[in-house]
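Here are the chains, one letter per residue:
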2 protein chains.
Amino acid sequence: MLRLYDYADSGNGYKVRLLLHQLGQPFELIEVDILRGETRSEEFLRMNPNGRVPLLALEDGRYLAESDAILFYLAEGTPLLPDERLERAQVLQWMFFEQYNHEPNIATARFWLRHFDPPDEQRRVLLEQKRAAGHAALSVMEAHLRARPFFVGGRYSIADIALYAYTHVADQGGFHLGGYPALRAWLERVRGQPGHVPMDAPAAP
Amino acid sequence: MLRLYDYADSGNGYKVRLLLHQLGQPFELIEVDILRGETRSEEFLRMNPNGRVPLLALEDGRYLAESDAILFYLAEGTPLLPDERLERAQVLQWMFFEQYNHEPNIATARFWLRHFDPPDEQRRVLLEQKRAAGHAALSVMEAHLRARPFFVGGRYSIADIALYAYTHVADQGGFHLGGYPALRAWLERVRGQPGHVPMDAPAAP
């Protein structure tokens, strides 16, 4: 059985859990406490030298890291990853956008507000920058979704899962979505997909 | 013919130019001056609402952004992207590592040192953090390459192209590679690949 090393409050981990649920793919969830440094233990670093969750362990003993690479691996050959060559690359485009423009701003702001509140002076300055950059990312998404139901090819895909994970809890990072009506309608459409589970759903599909 | 919107000093753009050369794929290069804000013009934002280069324009009028998504698109069906499902995902794993752990530290430090030298007080503090995080990324690469000639599957792939782009100019960001012998040997292997061109090569393959 697939094993997923994960931390319950991680949006990156939630992406993988949500997809596994929607694919009906059983998996064993192994909780790793990032706050206690468990991703930096010698044992964990042997599995993922980059010291991060989520981490997928295959049945043949191989490992795969990086949430969006795991999504791509699991979704290949399913309706959640387009067959058409450019659409498949557009899914990746949005996932790289997510990891470069969205996650480092919105997810990091959320993590700091949950664990370092009030922030120290340096984090306070950085939070202002992340606020601006995070809203820029949300605005790019809003404009794209104004004319489209989902990010790629008119259909729900892992691009939507990747972007949903931290967008639907953006308010916990201080990002209010009142000014993003297309984004809010898309969040509802994602929530309405078959097999959708919330972030705190139990592990078994 | 494919059109590539790009900025000559961009490592992200160099990834795409290098791959196009190695695939023998003709392309038209359209220079966009990011320092003059040309990626923020109305005309450019219509092509890429995220306002960044590189941007690939296909012959059918569609566009693809994000350097590593472009690499994946162009390399599909060629020897530079593995056929095996997990290896393909491992290529993506290293490309997401590149965009999350490597580029925001090493490429950004390089850009600041080239354009904002001396850095202001806030950049000076951030440069220290980027120094530490960048060396952490280089150490993960060094450990991985100690036992392997290339990043995935024992063969040169777009994972190597993605990581080569800013690693081979890391010294311009203040990252000295003296302590990374496996990394330096890998840089030489990448340079020795058929069709390799340097960052400042002219556009035509």
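Residues numbered from 1 in each chain as written. Chains lettered and ligands numbered in written order. Predicted model: local features only at pLDDT ≥ 70, side-chain atom pairs only at ≥ 80, totals over all residues.

### Quick word on the overall build of chain A
How we decide: For the purposes of this entry, the term helix denotes a DSSP run of H or I that reaches at least four residues, the term strand denotes a run of E that reaches at least two, and both are numbered from the N terminus. Counting other C-beta atoms within 10 Å of each residue's C-beta, where C-beta atoms are placed from the backbone, gives the exposure class: buried for 20 or more, exposed for 12 or fewer, partly exposed between. Here contacts are defined at the residue level, using C-beta atoms placed from the backbone and a cut-off of 7 Å between them.
Of the regular secondary structure elements, chain A holds seven helices and four strands. Start at the N end of chain A and walk to the C end: the helices and strands fall as β-α-β-α-β-β-α-α-α-α-α. Oriented by its inertia axes, the alpha-carbon framework of chain A measures out at about 45 × 45 × 30 Å. Going through the 205 residues of chain A one by one, you find that 44% of them count as buried. Taking contacts inside chain A between residues at least 6 apart in sequence as the whole, the part at least 24 apart equals 68%.

### Examining the interface of chain A and chain B
The test is simple: Charged means Asp, Glu, Lys or Arg here, nonpolar means Ala, Val, Leu, Ile, Met, Phe, Trp, Tyr, Cys or Pro, and polar covers whatever is left, Gly included.
With 29 residues of chain A in contact, the opposing surface of chain B contributes 29 residues. At the level of elements, strand S4 (63–65), helix H3 (67–75), helix H4 (85–115) and helix H5 (121–145) of chain A are the ones that each hand at least two residues to the side of chain A that touches chain B. The element that contributes the greatest number of residues to the side of chain A that touches chain B is H4(A), accounting for 12 residues. Split by residue class, the side of chain A that touches chain B holds 17 nonpolar, seven polar and five charged.

### Overview of the sheet that holds S4(A)
All names here are of chain A. To keep it simple, the criterion reads: Two strands pair if DSSP finds at least two bridges between them. Where helices are involved, their axes are fitted lines through C-alpha atoms of the stretch in contact, as for all axes, and angles between N-to-C directions lie from 0 to 180°.
Taken together, the four strands give an open sheet; going across it, the order is S2-S1-S3-S4, and neighbouring strands pair in mixed fashion. Where the open sheet ends on each side, the last strands, each with one partner, are strand S2 (27–31) and S4. Sheet twist, expressed as the mean angle between neighbouring strand axes with direction ignored, is 20°.

### Let's talk about helix H6 (residues 158–167) of chain B
Buried residues dominate H6(B), accounting for 10 of its 10 residues. For H6(B), the full list of buried residues reads Ile158(B), Ala159(B), Asp160(B), Ile161(B), Ala162(B), Leu163(B), Tyr164(B), Ala165(B), Tyr166(B) and Thr167(B).

### A few points about the domain arrangement of chain A
Residue and element names in this part refer to chain A. The condition is simple: Start and end points for every domain follow an automatic or database-based domain assignment.
Once the domains are mapped, chain A shows domain 1 (2–75) and domain 2 (85–191). Domain 1 and domain 2 are separated by 21 Å when their C-alpha centres are compared. Counting residues at the interface gives 10 residues for domain 1, matched by 10 residues for domain 2. Secondary-structure elements contributing two or more residues to the side of domain 1 that touches domain 2 are helix H1 (11–23) and H3. Among the elements that line the side of domain 1 that touches domain 2, the one with the most residues is H1, at six residues.

### Examining the relation of the copies chain A and chain B
Keep this limit in mind: Our superposition of the copies is a least-squares fit, built on the C-alpha atoms of residues whose pLDDT is at least 70 in both.
For the pair chain A and chain B, the relating rotation is 180°, the translation along its axis is 0.0 Å, and the fit reaches an RMSD of 0.0 Å. Taken together, the turn and the small shift mark the pair as related by a two-fold rotation axis. Closest approach to the rotation axis among the C-alpha atoms of chain A is made by Tyr100(A), whose C-alpha sits 3.1 Å away. Interface residue correspondence from chain A to chain B reaches 100%, placing this contact among same-surface, isologous pairings.

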